[in-house]
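Observations on chain architecture
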Amino acid sequence: MIVRWTETAQEHLDSIYAYIALNSPEYAIRMVDRLTRRSQQIENSPLSGRRVPEYELDQIREVIEGSYRIIYHLTSTHIDIIAVIHSARNVLREDKDN
């Protein structure tokens, strides 16, 4: 199954990189690489992620990488990565502070 990164998820990666790069550009690159590599797991085993508790829908799933949640949506033809958020953040509300 093909994995596609939504514009929102790509923006999340950019924000994660920018935040971490303030202290360590090298670590920021490594973290973004780790996050993007997880899409291979999702591609090979789409059901390997757990259901996102906030949604309780089988087609909305997540895998954890470090402190981040990679949230994706399964369809019959592809997988959309819809968000990459810090695990402390509530996915159901727009929280500008986290």
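Look above for the structure.
Residues numbered from 1 in each chain as written. Predicted model: local features only at pLDDT ≥ 70, side-chain atom pairs only at ≥ 80, totals over all residues. Heavy atoms only, no water.

Quick look at the overall build of the protein chain
Helices and strands together make up the secondary structure of the protein chain, namely 2 helices and 5 strands. N-terminal to C-terminal, the α/β element order of the protein chain is β-α-α-β-β-β-β. For a compact globule of 98 residues, the expected C-alpha radius of gyration is about 13 Å, and the protein chain comes in at 13 Å, within 12% of that figure. On the principal axes, the C-alpha backbone points of the protein chain span a range of 40 × 25 × 20 Å. When the 98 residues of the protein chain are sorted by exposure, 38% land in the buried category. (Helix = DSSP H or I, 4+ residues; strand = E, 2+ residues; numbered from the N terminus. Rg over C-alpha atoms; globule rule 2.2 N^0.38 Å. Buried < 20%, exposed > 50% of the residue type's maximum accessible area, 1.4 Å probe, protein only.)

Examining the pairing of strand 4 (residues 68-74)
Counted residue by residue, strand 4 has 6 buried out of 7 residues, so it is predominantly covered. For strand 3 (residues 60-65) and strand 4, the ladder comprises 6 bridges, and the chain directions are antiparallel. Along strand 4, the bridge assignment pairs Ile 64 with Arg 69. A loop of 2 residues connects strand 3 with strand 4, the two strands running antiparallel in sequence, and Gly 66 in this loop sits at a positive phi of about 60°. Relative to strand 5 (residues 78-86), strand 4 runs antiparallel, the two being bridged by 7 bridges. Bridge pairing links Ile 70 to Val 84 in strand 5. (Pairing = 2+ DSSP bridges.)

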